Amino acid sequence: MLTYIYLIAITAEAMTGALAAGRRNMDIFGVSVIAFLTALGGGTVRDIVLGHFPIAWTQHPEYLYLTLGAGVFTVFVSRYMHRLRNVFLVLDALGLVAFTLIGSNVALGMGYQLPVVVVAGMITGIAGGVLRDVLCNRVPVVFRQELYASVSLVVALLYLGLHHLGVGENLNMLASFVVGLGIRLGAVYRGWNLPTFSYQRSLH
Amino acid sequence: MLTYIYLIAITAEAMTGALAAGRRNMDIFGVSVIAFLTALGGGTVRDIVLGHFPIAWTQHPEYLYLTLGAGVFTVFVSRYMHRLRNVFLVLDALGLVAFTLIGSNVALGMGYQLPVVVVAGMITGIAGGVLRDVLCNRVPVVFRQELYASVSLVVALLYLGLHHLGVGENLNMLASFVVGLGIRLGAVYRGWNLPTFSYQRSLH
Amino acid sequence: MLTYIYLIAITAEAMTGALAAGRRNMDIFGVSVIAFLTALGGGTVRDIVLGHFPIAWTQHPEYLYLTLGAGVFTVFVSRYMHRLRNVFLVLDALGLVAFTLIGSNVALGMGYQLPVVVVAGMITGIAGGVLRDVLCNRVPVVFRQELYASVSLVVALLYLGLHHLGVGENLNMLASFVVGLGIRLGAVYRGWNLPTFSYQRSLH
């Protein structure tokens, strides 16, 4: 089940990456790279930081084909994508939760301490979007708004807490998806957000 | 032979990195770092992604000296470099092919599957330029124009195909250089390029 | 002793990272990430490049809490921070020297050759600030001015030279801090700097 959600999620992430590349007028190669990195960059950074080699996607070339294919496909259907905005927001939120759970589990399985497990879940959830934004030369959107990373944090903490309390894996995942989707959609449609910090002096 | 081309190539790449640093008015230290990363960053990213430790240049301090020296040297001869534009384009294309072949061979030797071998070749060919552009705060040029990465992709596929067909290593490399140089110089002098994707709406 | 200086230094670095995030109007999560990466990113990049797993901070969750706490704390006291400018400059310089010494020692302990040891010291000293600036979408300040990286280079060379001459560890560290602080404060208060390189033509 988590695998299916994962496959849908990396497809959706690849497509949003391709659109970001289109906003920078990239060529079809640039679109493919950004699509790939948006979808699989989070897991790549997580595996590098945890020293978890070989990196997951290198053992699954089908993920490579899926994300590159999704990137190229997006170029052809981009004119219709704004109509699917709501679908994408839900898929993106599902993906964020799935990435977080998978990332936490990788770190748990390697025996890392709990704070590192939480960080591993968050890295998996957000690093792909950060790479996309850095390569498109803009300040990463997840650092600025929309409770994106906060969802990842809450989901990781909830999952580990319920795990610790002995709640079964399926029920635990269900709770993660319900809470994660709830917060994320609340952020998007109700404008929930964190306080921002504005500082205009220079220390130098 | 590949080693000599490699040494010439990292020197040429370091010099183009130094010029990019000059466009951002960096100091001599910044110039050195950008020169180093442009030349050796591709191999570094490849080794990290493949889990190939120790990273190649850490075992060859002479590469470090060569690229730093080339960076500093560039500062003194920069006023003459536009006259050597054509020389640089050829050296840069040679380097792109050499990097791709070397990168593919590293991944092959580690037993990775073929799609990952191709990606490893391309990472080696283009990641140095991507790091240079990100650190100089611009959208990576390889994502936007000039068939740069496409050359790397075609060369990797051709090399692996001929390898599979039992073509000898020397003939195979020769074919890679002829085809790679041909496409790259066609892109530069004839304006060959890939279609670009332009998307101005926002999904958010 | 070096450990105490290190703890003070990562706190100070986290606080400067938080201010940089504030200049980009990030939310409290973005502030935390930038604070963490500014303080611990240098050691993270060093460990990845050296293949030194597990990465240092994953074994010390208290560093994670310290830097995140310092980032959030900064938001509340930011209005008073310009008055502490001189304190921060000294703490930052102390941190630069401490990071360099620690990084060099990690590479020495792994048996890397001396040029790589020096580079490892410099990566530890400056990569955190580079990550901060890339994520805040600006050209890294260490590449442009203020002898920041040069201090790291001089300290690494001095430390290794005295080490080689048989000077005791404590005296050696003292010398590193005196020389490092001297150069850095000279750069800040006297305007010492390296020549910059300005190049406005395009090779392409």
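Worth saying up front: this structure is predicted, and the values here are computed from it rather than measured. (Residues numbered from 1 in each chain as written. Chains lettered and ligands numbered in written order. Predicted model: local features only at pLDDT ≥ 70, side-chain atom pairs only at ≥ 80, totals over all residues. Heavy atoms only, no water.)

Draft legend 1. Representation of the pattern of salt bridges in the model. In total, this model carries 12 salt bridges over all chains according to the counting rule given. Between Asp133(B) and Arg132(B) there is a salt bridge, and its shortest N-O distance comes to 3.0 Å. Exposure remark for Arg132(B): the relative accessible area of 10% places this residue in the buried category. Residues Asp92(C) and Arg184(C) are paired through a salt bridge, measuring 3.8 Å at the closest nitrogen-oxygen approach. On the criterion of sequence distance, the pair formed by Asp92(C) in helix α4 (residues 85-109) and Arg184(C) in helix α7 (residues 169-190) is long-range, its members being 92 residues apart. The residues Asp92(C) and Arg184(C) share a single accessibility class, namely buried. Through salt bridges with shared partners, one network takes in Arg132(A), Asp133(A) and Arg138(A). (Salt bridge = Lys/Arg side-chain N within 4 Å of Asp/Glu carboxyl O. Buried < 20%, exposed > 50% of the residue type's maximum accessible area, 1.4 Å probe, protein only. Helix = DSSP H or I, 4+ residues; strand = E, 2+ residues; numbered from the N terminus.)

Draft legend 2. The arrangement of the relation of the copies chain B and chain C in detail. When chain B is fitted to chain C, the best match, at an RMSD of 0.0 Å, comes from turning it 120° and sliding it 0.0 Å along the axis. Interpreted geometrically, this transformation is the action of a three-fold axis. Using C-alpha coordinates, one finds that chain B approaches the rotation axis most closely at Asn137(B), a distance of 3.9 Å. Little of the interface of chain B is mirrored in chain C, where only 10% of its interface residues are also at the interface. (Least-squares fit on C-alpha atoms with pLDDT ≥ 70 in both. Contact = heavy atoms within 4.5 Å.)

Draft legend 3. Here's a closer look at the packing of aromatic side chains. Taken as a whole, this structure holds 15 aromatic pairs over all chains when the rule is applied. Among the aromatic side chains, those forming a connected cluster through ring pairs are Tyr6(A), Tyr63(A) and Phe99(A). (Phe/Tyr/Trp six-rings, centres within 6.5 Å; stacked < 30°, edge-to-face > 60°.)

Draft legend 4. Quick look at the interface of chain B and chain C. Taken together, the contacts link 39 residues of chain B with 34 residues of chain C. Counting across the chain B and chain C interface gives two residue pairs in polar contact (both at pLDDT 80 or more). Counting residues per element, the ones that place at least two in the side of chain B that touches chain C are α1 (2-23), α2 (28-50), α3 (61-77), α4 (85-109) and α5 (114-135) of chain B. For the side of chain B that touches chain C, the per-class residue count stands at 23 nonpolar, 10 polar and six charged. (Polar contact = N/O pair within 3.5 Å; in protein donor to acceptor, adjacent residues only side chain to side chain. Nonpolar A, V, L, I, M, F, W, Y, C, P; charged D, E, K, R; others polar.)

Draft legend 5. Looking closely at the relation of the copies chain B and chain A. With an axial shift of 0.0 Å and an RMSD of 0.0 Å, the rotation relating chain B to chain A amounts to 120°. In this assembly, only 12% of the residues forming the interface of chain B have copies in chain A that are likewise at the interface, indicating a heterologous arrangement.

Draft legend 6. Looking closely at a nonpolar patch on the surface. Residues and elements named next belong to chain A. Judged by side-chain polarity, Val154, Leu171, Leu174, Val178 and Val179 come together as a nonpolar surface patch covering roughly 420 Å² of accessible area. Looking at which element gives the most residues to the nonpolar patch, the answer is helix α7 (residues 169-190), with four residues. With respect to the secondary-structure elements, Leu171 resides in helix α7. For Leu171, a relative accessible area of 54% translates into the label exposed. (Patch = residues over 30% accessible without salt bridge, like charges linked within 9 Å, V, L, I, M, F, W, Y side chains within 5 Å. Areas by Shrake-Rupley, 256 points an atom, 1.4 Å probe, with all protein chains shown as cover.)

Draft legend 7. The arrangement of the packing of helix α2 (residues 28-50) of chain C against α4(C) in detail. Residue and element names in this part refer to chain C. Interaxial distance between α2 and α4 falls to 11 Å at its minimum, and their mutual angle equals 15°. The orientation of α2 with respect to α4, classified from their angle, is roughly parallel. As for how α2 packs across α4, the hand of that crossing is right-handed. Across the interface between the two elements, Ala39, Arg46, Asp47 and Leu50 of α2 pack against Phe99, Ile102, Gly103, Val106 and Ala107 of α4. Broken down by class, the residue content of the contact of α2 with α4 amounts to six nonpolar, one polar and two charged. (Axes fitted to C-alpha atoms, helices over the stretch in contact; angles between N-to-C directions. Parallel < 35°, antiparallel > 145°, perpendicular 65-115°, else oblique. Left-handed = near helix turned anticlockwise from the far one by under 90°.)

Draft legend 8. Region of the structure containing the UniProt feature "domain: Glycine transporter" (unreviewed entry) in chain A. Under the UniProt annotation, the feature "domain: Glycine transporter" (unreviewed entry) is placed at residues 5-78 and 90-163 of chain A. With 80% helix and 0% strand, the stretch residues 5-78 of chain A has end C-alpha atoms that lie 23 Å from each other. (UniProt positions renumbered as here; feature names shortened; annotations may be inferred.)

Draft legend 9. Representation of the interface of chain B and chain A in the model. In this complex, chain B contributes 34 residues to the contact, which on the side of chain A involves 39 residues. Between the two partners, chain B and chain A, sit zero salt bridges. At the boundary of chain B and chain A, one finds one residue pair in polar contact (both at pLDDT 80 or more). Contributing elements (two or more residues each) for the side of chain B that touches chain A: α2 and α5 of chain B. At seven residues, the largest contribution of residues to the side of chain B that touches chain A is made by α5(B). For the side of chain B that touches chain A, the class distribution of residues is 22 nonpolar, nine polar and three charged.

Draft legend 10. Local environment of the nonpolar core. Residues Trp57(A), Phe143(A), Trp57(B), Phe143(B), Trp57(C) and Phe143(C) are the most contacted members of the largest nonpolar core, which totals 203 residues. Every residue in contact with Phe143(A), bar those within four places of it in the chain, is listed here: Val130(A), Met26(C), Asp27(C), Phe29(C), Gly30(C), Val33(C), Ile34(C) and Leu135(C). (Core = buried A, V, L, I, M, F, W, Y, C linked by side-chain atoms within 4.5 Å.)

Draft legend 11. Main features of the packing of helix α6 (residues 148-164) of chain C against α7(C). All names here are of chain C. The N-to-C vectors of α6 and α7 enclose an angle of 155°; their axes lie 9 Å apart at closest approach. Classified by the interaxial angle, the pair formed by α6 and α7 is roughly antiparallel. Read as a crossing pair, α6 and α7 show a hand that is right-handed. Where α6 approaches α7, its residues Tyr148, Val151, Val154, Val155, Leu158, Tyr159, Leu162 and His163 are matched on the opposing element by Glu169, Asn172, Ala175, Ser176, Val179, Gly180, Ile183 and Arg184. Partitioning the contact of α6 with α7 into residue classes produces 10 nonpolar, four polar and two charged.

Draft legend 12. Structural context of the side chain of Glu13(A). All names here are of chain A. Topologically, Glu13 is positioned in helix α1 (residues 2-23). Despite its burial, Glu13 pairs with no opposite charge; the closest candidate is Arg132, at 5.1 Å N-O. In this structure Glu13 touches Thr38, Ala39, Asp92, Phe99 and Tyr148, once residues within four positions along its chain are discounted. (Lys, Arg positive; Asp, Glu negative; His and termini not counted.)

Draft legend 13. Expanded view of the environment of Tyr148(B). Residues and elements named next belong to chain B. Within the secondary structure, Tyr148 is located in helix α6 (residues 148-164). Residues Tyr148 and Pro115 lie 33 residues apart in sequence; the distance between their C-alpha atoms is 19 Å. Once you skip the residues sitting within four places of it in the chain, Tyr148 turns out to touch Glu13, Asp92, Leu96, Gly125, Ile126, Val142 and Arg184. Within the local environment of Tyr148, its side chain forms a polar contact with the side chain of Asp92, the two groups lying 3.1 Å apart.

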